[in-house]
Amino acid sequence: MQPIGADEAAPSAVPLTVQQVPTARRRRLPGLPLWLRLLLSNPKSRMGLMIVFGMFAVGVLAPWLATHDPTAYSLLDAKQSPSWNHFFGTTDQGTDIWSQVVWGTRNSLFLGFAAATLATVLAATLGILAAYCGGWVDDLINFATNVFLVIPTIPLLIVTSSYLKSRGSLSMVLILGLTLWAFEARILRAQALTLRNRDFILAARVAGEPTWRIVVYELMPNMISRIAAAFVLVFYISLLTAAGLQFLGLGDMNSQSWGVTLYWAQVNSAVLQGEWWPFLFPGVALALTVLGLVLILAGLDEVSNPRLRKPPKQGRGMISGLFLGHGRAK
Amino acid sequence: MSAVATKPLLELDQVSVDYVLADRRVRAVDNVSLSIAQGEILGLAGESGCGKSTLAGAVLQILKPPAEVSGGRILFQGQDLVAMSREQLRRVRWRHVSLVFQSAMNVLNPVMRVGDQFVDMFKAHDRIRKSDALARAGDLLELVGIDRGRVRSYPHELSGGMRQRVVIAMALALEPELIVMDEPTTALDVVVQREILQELEVLKQRLGFAVLFITHDLSLLVEFSDRIAIMYAGEIVESAPSDVLFRHARHPYTNGLMSSFPPLSGPIVPLTGIPGSPPDLAKPPSGCRFHPRCPQCTGIDSSLHRLQISERPVLREIDAGHQVACHWVEGP
Amino acid sequence: MRWLLRRCCFYVFALWVAVTLNFLLPRLMPGDPAGGMLARMSSAQIASNPGIIETYRRMLGGGDQSLLEAYFSYLGQIGRLDFGISTSNYPTNVSEVIGRTLPYSIFLVGVAFILAFVIGTTIGMVAAWRRGGTVDNVVVPTMLALGAFPAFFTSLVAVYFFGLKLGWFPLQHAYDTELTPGFNYAFLESAFRHAQLPIIVITLAFAGGWVLNMRTVMINTIEEDYVAMAEAKGLPDRRVMTRYAGRNAILPPLNGFAAQFAGAVGGLVFIEFVFSYPGAGFTLQQAALGSDYPLTQGLLLVFAVCVIVANFVMDLLNVVLDPRVRTA
């Protein structure tokens, strides 16, 4: 029954919500999913994406960016600090560090990326399987996950690589991927569990959709942002871990990689001789890439938890100074 | 029942509260004026979202950004709370004005024993030894009908009704002059509801505090309070002593509310409702905010209709102690 | 209580998995680790200990026993805490080597990790309480940036600046090499001095993670009704931040502490390596490089046990700190 004189149809309930969703978007990026748009509009993750893409670009353009052959020795040029000839200086054997770092980008990024892919695929598959199937499958996978979480990864990796005769990229990727999946498997399982009980999944089951279809077409799309976050996390962890193993002398010592350069720097006691360049530059390259990934991760976190987004600037009303001055925003 | 002779305990003078959002301000409480005398129970009723809880928060000055008091004065015993410093406010809070929150479920710290939470409160306002504070906490629990041994319990070990009583006991602890109660019994079943209200009556007789009782359940107020104010879309639309309101409510909204609730006792009456829903306060209706839903806004009397859709009605006293803000009531 | 019991069972099981993994790994790798290792030992060493070939075959595979027999005798050895003889420290027992080096690591991790947790969560708590304040805008990003740098890198930088250039701290080792370990003042003082830089590095490197974690949880906790009630009661600001919000917010990070411990053990290896600090981590790395398999196996087991113990302690702490768990 419409009351007479209702010129404005009374709309929905009073929005006395105090949670602010960003309303002002300078660039509309139509067609992209919401989470991607939020990611791109967040300054933190934008910067992260720029850094990471920059690194990938360096890796791809390595043959053109490098000034010297990264394996060439020249005792004449040994131990030089940075100069125009050698942007990053030279090692104890006279190899150009700039070229090593530039070429090393390929290897390091590849190891990280490949290991992250393997680990994420494992984590997502096992996590979602465990959540969806429940019962003994869940228990088994849980047990495996917990065991892997309890056994310390670095010592395990150290021992495993010490058994390996050859430590080529493939073996490294395999052992990294097979040990780093546990952490994210637990988180993805938790998320899949909350989704599993949602109405749209139940509706699909009642409608008779086969399990695999439900998992791939209904469940997964809703978890994309979380899976992306998992991938980024494992990426930077495997970057660090791979570099770390190489640093300890347990990686493929014949390849060009940031960790390997650092290893030689340490073994030649560069630091103790006051030579800072052999370890600073590869270290900064590594740290920068990790920072970029961490920023992207922070952006992804804010996508899934709106409360973490930066509180909007408040208008300074005349009384606001007297309030509970935590500056906390709802 | 008139509190004119003595100075009112709490006086809200044209108070407005806004929610400041990135691109606009939404006025949740609009020029509200109220007063409560010592020892008086004032009921404040209205639908969800009409601004009652915001008003409660404003009285205790615990509103968080983006909500802020944008106008008016809140005078407690003559002093303006809005103009006070943080430290002054901290001293007024609880000792003189306390608040019973809406849902007791989550209002107690889950990792602290109940007694310790009382102790914290006592220590914040007084120099007192822990043992004395715990003893007083025990006394208070007994006052609200809970075994004093429960001082050592954790909140999750108590039932919902018990927790609400604990919260009431906390509100009484420092013997404030005014207690603001925001839907104190909504989450409880009717039996417990009645028990608690009866206990409150008794306590009020003993301790002499005033109460601002906020609820959407008008029937409770009619039985329990001395005066009632009805709130709609951020404004007070009617205020009167409760028996007067019950028998001679004038505002169409009040009447709509009254016929929406079955009373706690008495004969069975047919239920009606109020069509439509509360307005979006970001874009309130022009003129009288209730006019889209008002059965008295029919367009038959064109001059009245024009008033209703263009001018905001003002609270006017039509009888002793009885104020209404309504064009139709004021007559042609 | 039943929950604790279940956790215990899980830990025992995890330990068994670690032991079995140790047993299976060398056998799964291509090649013959025992043979390769024996080839590295001099004939004099082999001659002086006739049973050694058989011992290592049992441990690493390639012997004449069946897999199952080898497994049970392996379990027996582990049970007797007989990890064999360390080939790189011949003829010292593996257990002796571990006994010598483990205390240093425990000292380092014990102090530094706990410090990182305390400092990190405090910063996170304050940062969330005063969003947009100095701590939130300045300290948090700094700690995060520090944490983004790999631990070994931060150690190198620290050694370079504070050790070499500024000379504030000793550069390497756990104590002055002329001194002999013992409970005498000179040694303890030297040990303490040498431990300072590694501890500072670990704290700085790890605190960042705690900061972020605690801050996130705290931001959610602040929204809870009991925090609003505590403020309405007129409680002092700091008390609400610590006893009401903080005390509840710390429970999830505390559980994360246990999980992070495994990662901390890893980081420890790097830091000890950079400082040539003779703890269990440094020893592991040296052993791995030198293919001293008995030692690596023994150390892996010890590390696993440490992580399990730390996890268990955290579970106990959880029961103490969260009354809701006790009645569950």
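Note that the coordinates shown come from a computational prediction; the quantities given were computed from them, not determined experimentally. (Residues numbered from 1 in each chain as written. Chains lettered and ligands numbered in written order. Predicted model: local features only at pLDDT ≥ 70, side-chain atom pairs only at ≥ 80, totals over all residues. Heavy atoms only, no water.)

Regarding the overall build of chain C
As a reminder, the rule being used: A helix here means a DSSP run of H or I that spans at least four residues, while a strand means a run of E at least two residues long, and both kinds are numbered starting from the N terminus. Buried means the residue's accessible area, taken with a 1.4 Å probe over protein chains only, is under 20% of the maximum for its type, while exposed means over 50%, and partly exposed covers the values in between. Contacts are assigned to residue pairs with any non-hydrogen atoms lying within 4.5 Å of each other.
Across its full length, chain C holds 15 helices and zero strands. The buried share of chain C, taken over its 328 residues, is 53%. At a minimum sequence separation of 6, the contacts of chain C that also span at least 24 residues come to 72%.

As for the overall build of chain B
Put simply, the rule is: The Shrake-Rupley method, run with a 1.4 Å probe sphere, supplies the accessible areas, and residue values consider only the shown protein chains as cover.
When you go through chain B residue by residue, the secondary structure sums to eleven helices and twelve strands. Looking at the 332 residues of chain B, the share that counts as buried comes to 57%. Here the contacts in chain B between residues at least 6 apart in sequence split such that 64% fall between residues at least 24 apart. Of the roughly 13700 Å² of accessible surface on chain B, a fraction of 50% belongs to carbon and sulfur atoms.

Topic: the side chain of Gln61 of chain B
Residues and elements named next belong to chain B. The condition that has to hold: Identification of polar contacts relies on pairs of N or O atoms within 3.5 Å, with a donor-acceptor requirement for protein atoms, meaning one able to donate a hydrogen and the other able to accept it, and with residues adjacent in sequence counted only if both atoms are side-chain atoms.
In this fold, Gln61 is placed in the loop between helix H1 (52–59) and strand E4 (67–76). We classify Gln61 as buried; its relative accessible area is 2%. One polar contact links the side chain of Gln61 to the main-chain carbonyl oxygen of Ala58, over a distance of 2.9 Å.

Some points on the interface of chain C and chain B
Our working definition: Here the quantity called buried area is the total loss of accessible area, with a 1.4 Å probe, experienced by two parts when brought into contact, counted for both. The rule for a salt bridge is simple: a side-chain nitrogen of Lys or Arg has to be within 4 Å of a carboxyl oxygen of Asp or Glu. Here the term charged refers only to Asp, Glu, Lys and Arg, the term nonpolar to Ala, Val, Leu, Ile, Met, Phe, Trp, Tyr, Cys and Pro, and the term polar to all other amino acids, Gly among them.
On the side of chain B, 26 residues touch chain C, which itself brings 24 residues to the contact. Both faces combined, the contact of chain C with chain B buries some 2200 Å², and carbon together with sulfur accounts for 60% of it. When residues of chain C are sorted by the area they lose upon contact with chain B, Met229, Ala232 and Lys233 of chain C head the list and together hold 28% of the total. Viewed at the interface, chain B and chain C are joined by one salt bridge. Across the contact surface, chain C and chain B share six residue pairs in polar contact (both at pLDDT 80 or more). Only helix H10 (225–232), helix H11 (237–249) and helix H15 (323–327) of chain C provide two or more residues apiece to the side of chain C that touches chain B. In terms of residue class, the side of chain C that touches chain B is built from eleven nonpolar, three polar and ten charged.

Overview of the sheet that holds strand E5 (residues 79–80) of chain B
Residue and element names in this part refer to chain B. Operational definition: What makes two strands pair is DSSP finding at least two bridges between them. Lines fitted to the C-alpha atoms define the axes, with helices restricted to the stretch that makes contact. Angles between their N-to-C directions range from 0 to 180 degrees.
The strand order across the open sheet formed by four strands is E2-E1-E4-E5, and the pairing between neighbours is antiparallel. A strand with exactly one partner marks an edge of an open sheet, and here the two such strands are strand E2 (25–36) and E5. As paired elements, strand E1 (residues 10–20) and E4 share eight bridges and run antiparallel to each other. Bridge pairing in E4 links Leu12 to Ile74. The strands touched by H1 within the sheet are E1, E2 and E4, with E1 carrying the most contacts at an inclination of about 115 degrees.

Section: helix H11 (residues 258–267) of chain A
Side chains three or four residues apart in an α-helix point the same way, a direct result of the helix having 3.6 residues per turn. In terms of burial, H11 of chain A is a largely internal element, eight of the ten residues being buried. For H11 of chain A, the set of buried residues is Trp258, Gly259, Val260, Thr261, Leu262, Tyr263, Ala265 and Gln266 of chain A.

Brief notes about unusual backbone geometry
Residues and elements named next belong to chain B. At Gln14, a residue that is not glycine, the phi angle is positive and equals roughly 55 degrees. Along the chain, Gln14 turns up in strand E1. Owing to a relative accessible area of 41%, Gln14 belongs among the partly exposed residues under this scheme.

Observations concerning the packing of helix H6 (residues 94–129) of chain C against H11 of chain C
All names here are of chain C. Applied cut-off: Each crossing is labelled by how the near helix is turned from the far one, with a counterclockwise turn of less than a right angle marking it left-handed and a clockwise turn marking it right-handed.
Two elements in contact, H6 and H11, have axes whose closest approach is 11 Å; the angle formed by their N-to-C orientations is 120 degrees. When the axes of H6 and H11 are compared, the crossing they make is right-handed. The residues of H11 that touch H6, namely those facing Met125, Val126 and Trp129, are Asp237, Val240, Met241, Thr242, Ala245 and Gly246. When its residues are assigned to classes, the contact of H6 with H11 shows six nonpolar, two polar and one charged.

What about the packing of aromatic side chains?
Selection criterion: In this analysis, rings of Phe, Tyr and Trp, with Trp reduced to its six-membered ring, are considered paired at centre separations within 6.5 Å, and the interplanar angle assigns stacked below 30 degrees, edge-to-face beyond 60, and tilted for intermediate values.
If you walk through the whole model with that rule in mind, you get 20 aromatic pairs over all chains. Their ring planes at 90 degrees and their centres at 6.0 Å tell us that Tyr11 of chain C and Phe312 of chain C sit as a pair that is edge-to-face. With Tyr11 of chain C in helix H1 (residues 2–28) and Phe312 of chain C in helix H14 (residues 293–321), this pair connects stretches of sequence that are 301 residues apart. Exposure remark for Tyr11 of chain C: the relative accessible area of 5% places this residue in the buried category. Exposure remark for Phe312 of chain C: the relative accessible area of 25% places this residue in the partly exposed category. Aromatic ring contacts, followed pair by pair, group Phe143 of chain A together with Phe10, Tyr11, Phe13, Trp16 and Phe312 of chain C into a single cluster.

Some points on the pattern of salt bridges
All names here are of chain B. Inspection of every chain in the model, using the stated rule, returns 26 salt bridges over all chains. Residue Asp30 is joined to Arg312 by a salt bridge in which the shortest nitrogen-to-oxygen separation is 2.9 Å. Note that Asp30 is positioned in strand E2 and Arg312 in the loop between helix H10 (302–310) and strand E11 (316–319), a separation of 282 residues in sequence. Look at Asp30 and you get buried, because its relative accessible area is 6%. According to the relative accessible area criterion, Arg312 is partly exposed, its value standing at 36%. The structure contains a network of salt bridges with shared partners spanning Asp18, Arg25, Arg27, Asp30, Glu68, Glu235, Arg289 and Arg312.

Considering the confidence of the model for chain C
Residues and elements named next belong to chain C. We apply this condition: Confidence of the predictor at the level of single residues is captured by pLDDT, which takes values from 0 to 100.
For chain C, the mean per-residue pLDDT works out to 77, and 80% of the residues sit at or above 70. Per-element confidence in chain C is highest for H11, whose mean pLDDT is 87, and lowest for helix H2 (residues 33–40), whose mean pLDDT is 60. As a predicted assembly, this complex carries a pTM of 0.69 together with an ipTM value of 0.77.

Considerations on the environment of Leu102 of chain C
All names here are of chain C. Along the chain, Leu102 turns up in helix H6. By relative accessible area, which is 18% here, Leu102 ends up buried. Setting aside anything within four residues of it in sequence, one finds Leu102 in contact with Ala280 and Val302.

Digging into the sheet that holds E11 of chain B
Residue and element names in this part refer to chain B. Strand order in the open sheet formed by eight strands is E6-E7-E8-E3-E9-E10-E12-E11, with mixed pairing between adjacent strands. This sheet does not close on itself; its edge strands, each paired only once, are strand E6 (97–100) and E11. Averaged over all pairs of adjacent strands, the angle between strand axes in this sheet comes to 20 degrees, irrespective of strand direction. Pairing between strand E3 (residues 41–45) and strand E9 (residues 227–232): four bridges, direction parallel. Considered in E9, the bridge of Gly43 is made with Ile228. In the packing of H1 onto the sheet, the strands contacted are E3, E6, strand E7 (178–182), strand E8 (210–215) and E9, and the crossing angle to E7 comes to about 150 degrees.

Some remarks on the nonpolar core
Heads up, the rule is: In plain words, nonpolar cores are sets of buried Ala, Val, Leu, Ile, Met, Phe, Trp, Tyr and Cys residues tied together by side-chain atoms within 4.5 Å.
Ile158, Tyr236 and Phe247 of chain A together with Phe113, Phe152, Phe261 and Phe275 of chain C are the most contacted members of the largest nonpolar core, which has 159 residues in total. For this core, the element with the most residues is helix H10 (residues 211–247) of chain A, which contributes 18 residues. If you look at the next biggest cluster of nonpolar residues, it comprises 108 residues, including Val82, Val97, Phe122 and Cys297 of chain B.

Notes on the pairing of E1 of chain B
Counting buried residues in E1 of chain B gives eight out of eleven residues, a clear majority hidden from the surface. Hairpin remark: E1 of chain B followed by E2 of chain B, antiparallel, with four residues in the connecting loop.

So, a nonpolar patch on the surface
All names here are of chain C. Stated formally: Patches here: salt-bridge-free residues with over 30% relative accessible area, like charges joined within 9 Å, nonpolar side chains (Val, Leu, Ile, Met, Phe, Trp, Tyr) joined within 5 Å.
Taken together, Phe107, Val111, Ile114, Leu115, Val118, Ile119 and Phe192 make up a surface patch of nonpolar side chains, about 580 Å² in accessible area. Examining the composition of the nonpolar patch, we find that six residues originate from one element, H6, more than from any other. Mapped onto the secondary structure, Leu115 falls in helix H6.

Some points on the environment of Ile146 of chain B
Residues and elements named next belong to chain B. Mapped onto the fold, Ile146 is located in the loop between helix H4 (130–143) and helix H5 (160–172). For Ile146, a relative accessible area of 4% corresponds to the buried category. For Ile146, the residues in contact, after removing those within four places along its chain, are Leu141, Met162, Arg165 and Val166.

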